[in-house]
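Observations on the three-dimensional arrangement
One-letter residues, chain by chain:
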Amino acid sequence: EHFDFAPVVDRIHYLSTPEGGPSTRLEITLGNPTYVGVYYLVNVTIALGLLGHSLLRPDRQSTPRAVRSRRRRSARGMQHRPATEFETWWRVFWVAVALLGLWMLFLSGTRGALAGLVVTVMAFSAAYLLWGDAQTVRRGCLAVLGSLLGLILVVGLVRETEPVRALAEHSVLLDRIVQTGASDDSLRGRVDSATLGLRGFLARPVVGWGPENFTVAYDRYLTGDIVGAGTASFDQAHNKVIEELTTKGALGFLAYMAIWLYMLKTVVQRARLQSPHDQIFTLAIGAALAGYFVQNLFLFD
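Moving on, we get to the overall build of the protein chain. Per the secondary structure count, the protein chain includes 13 helices and zero strands. Evaluated residue by residue, the protein chain yields a buried proportion of 39% over its 301 residues. A separation of at least 24 residues holds for 69% of the contacts in the protein chain among residues at least 6 apart in sequence. For the protein chain, the computed accessible surface area is about 17,100 Å², with 67% contributed by carbon and sulfur atoms.

Printed below as a string of structure tokens:
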């Protein structure tokens, strides 16, 4: 009987009217569009890894690279596995998941997930060029890597041109890419958050301020200039590395990084010893982990 519903009603009205600015970014029941981006980033990579895994047949010629000469690998090339009707439907499903996932990622408008996707593609391509066995896949990785680097260069050169700005009116992700810069409130907020987080870490470098206490350190070192810029409060660092340093100190940070280094070691060891049939899926998982780590430099778990 004492609860005032007026602010709630006003908020619902604000979100449900065009002038109130309903979100143009895809959201899910868990909330933030950034979750949409990172979930689909990982799912797309796993789907493509399963697709590649099904296309390479596990035969007796598919011996690990570590026990076979490079000349024999080059002569053999890519071993295709004939698909049963059951496997064909699985491949259709994986392609559909990958395409739908990419669409959802772009609809989320999450720049961190896009950066993670770029790193995922680059990590897989570079890793396969180092340890991959199938020549067809190696050539494809080289082409993709070169094309991606060229695309990044072109986007950097034409990002602020009028044709790109016209296209950005129809794409929330492209619009956010065009807006990225010194005047970007989101970017400025992350820089301020990282700066105050590092100050908090230096104040308590061993064990930090305690898990989920980033906002305590943030508020302790908050200045009037930062408040004036519109970033008055951050409950998360929007950078997982800074978050660990601030809330758990050097001990927590080292423990966190040890998990990632152990996963990296495991992926590399297995990829170097596996047959092409299993190797492509292992490298896909490793690439998904790399993309997730990079997007977490802009976001949080």
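What the second largest pocket holds in volume is close to 310 Å³. As for the second largest pocket, its lining consists of 17 residues, and the residues nearest its centre are Trp260, Leu264, Gly286, Leu289 and Ala290. For the lining of the second largest pocket, the elements supplying multiple residues, two or more each, are helix H5 (111-131), helix H12 (240-273) and helix H13 (276-295). Looking at the lining of the second largest pocket element by element, the count peaks at seven residues for H12.

One pass over the structure, following the stated rule, counts eleven aromatic pairs. Arranged with centres 6.4 Å apart and planes meeting at 85°, the rings of Tyr35 and Phe300 form a pair that is edge-to-face. With a gap of 265 residues between them, Tyr35 in helix H2 (residues 33-55) and Phe300 in the segment after H13 connect regions that are remote in the sequence. Ring centres 5.6 Å apart and planes at 80° place the aromatic pair Trp90 and Phe93 in the edge-to-face group. Here Trp90 and its partner Phe93 are both found in helix H4 (residues 85-108), three residues apart, which amounts to about one turn of the helix. In this structure an aromatic cluster arises from ring pairing among Phe86, Trp90, Phe93 and Trp94.

For H5, which comprises 21 residues, the first-to-last C-alpha distance of 30 Å matches the rise-based estimate of 30 Å (1.5 Å per residue) to within 8%. Along H5, the positions that sit buried rather than exposed are Arg111, Gly112, Ala113, Leu114, Gly116, Leu117, Thr120, Phe124, Ser125, Ala127, Tyr128 and Trp131.

This part takes up the confidence of the model for the protein chain. Here the protein chain averages 83 in pLDDT, while 81% of its residues score no lower than 70. Here residues 14-22 scores under 50 on pLDDT; set against residues more than four positions off or in separate chains, the count is four contacts. The model gives residues 69-78 a pLDDT under 50, and that stretch makes 20 contacts with residues more than four places away or in other chains.

The next point concerns the environment of Gly101. Topologically, Gly101 is positioned in helix H4. Taking relative accessible area as the criterion, Gly101 reaches 1% and is therefore assigned buried. Apart from residues lying up to four places away in sequence, Gly101 is in contact with Tyr40 and Val44.

Counting twelve residues, the largest nonpolar core consists of Leu56, Phe124, Ala127, Tyr128, Trp131, Ala134, Val137, Cys141, Ala271, Ile280, Leu283 and Ala287. Counting residues per element, the ones that place at least two in this core are H5, helix H6 (135-158) and H13. Here Tyr128 is in contact with Asp133, Ala134, Val137, Arg138, Cys141, Gln279, Ile280 and Leu283, once residues within four sequence places are set aside. Within the second largest apolar cluster, eight residues are counted, among which are Leu196, Tyr218, Phe234 and Ile242.

One way to put it is that H2 packs onto H4 with a least axis distance of 8 Å and a crossing angle of 155°. Taken together, the axes of H2 and H4 are roughly antiparallel relative to one another. Two packed elements cross with a definite hand, and for H2 against H4 that hand is left-handed. Looking at side-chain class alone, the contact of H2 with H4 contains 17 nonpolar, five polar and one charged residues.

To continue, consider unusual backbone geometry. Within the chain, Glu212 stands out as a residue other than glycine whose phi angle is a positive 65°. In this fold, Glu212 is placed in the loop between helix H9 (185-203) and helix H10 (214-220). Residue classification places Glu212 among the exposed residues on the basis of a relative accessible area of 57%. Positive phi, normally seen in glycine, also occurs at His238, with a value near 55°.

All right, on to the environment of Leu202 then. Within the secondary structure, Leu202 sits in helix H9. When the C-alpha atoms of Leu202 and Ala250 are compared, they prove to be 9.9 Å apart, with 48 residues separating the residues in sequence.

Right, let's get into the pattern of salt bridges. As enumerated under the stated definition, the model contains three salt bridges in all. The salt bridge involving Glu160 is made with Arg159; its shortest N-O contact spans 3.5 Å. A relative accessible area of 52% means that Glu160 is categorised as exposed. Sharing partners across several salt bridges, the network here consists of Lys240, Glu244 and Lys248.

Parameters and conventions
- Residues numbered from 1 in each chain as written.
- Predicted model: local features only at pLDDT ≥ 70, side-chain atom pairs only at ≥ 80, totals over all residues.
- Heavy atoms only, no water.
- Helix = DSSP H or I, 4+ residues; strand = E, 2+ residues; numbered from the N terminus.
- Buried < 20%, exposed > 50% of the residue type's maximum accessible area, 1.4 Å probe, protein only.
- Contact = heavy atoms within 4.5 Å.
- Areas by Shrake-Rupley, 256 points an atom, 1.4 Å probe, with all protein chains shown as cover.
- 1 Å grid on protein atoms, 1.4 Å probe; cavity = no way out; pocket = protein on both sides within 12 Å on 5 of 7 lines; lining within 4 Å.
- Points joined across faces, edges and corners; volume = space filled by probe spheres on them.
- Phe/Tyr/Trp six-rings, centres within 6.5 Å; stacked < 30°, edge-to-face > 60°.
- Expected span 1.5 Å × (residues − 1).
- pLDDT = per-residue confidence, 0-100.
- Core = buried A, V, L, I, M, F, W, Y, C linked by side-chain atoms within 4.5 Å.
- Axes fitted to C-alpha atoms, helices over the stretch in contact; angles between N-to-C directions.
- Parallel < 35°, antiparallel > 145°, perpendicular 65-115°, else oblique.
- Left-handed = near helix turned anticlockwise from the far one by under 90°.
- Nonpolar A, V, L, I, M, F, W, Y, C, P; charged D, E, K, R; others polar.
- Salt bridge = Lys/Arg side-chain N within 4 Å of Asp/Glu carboxyl O.

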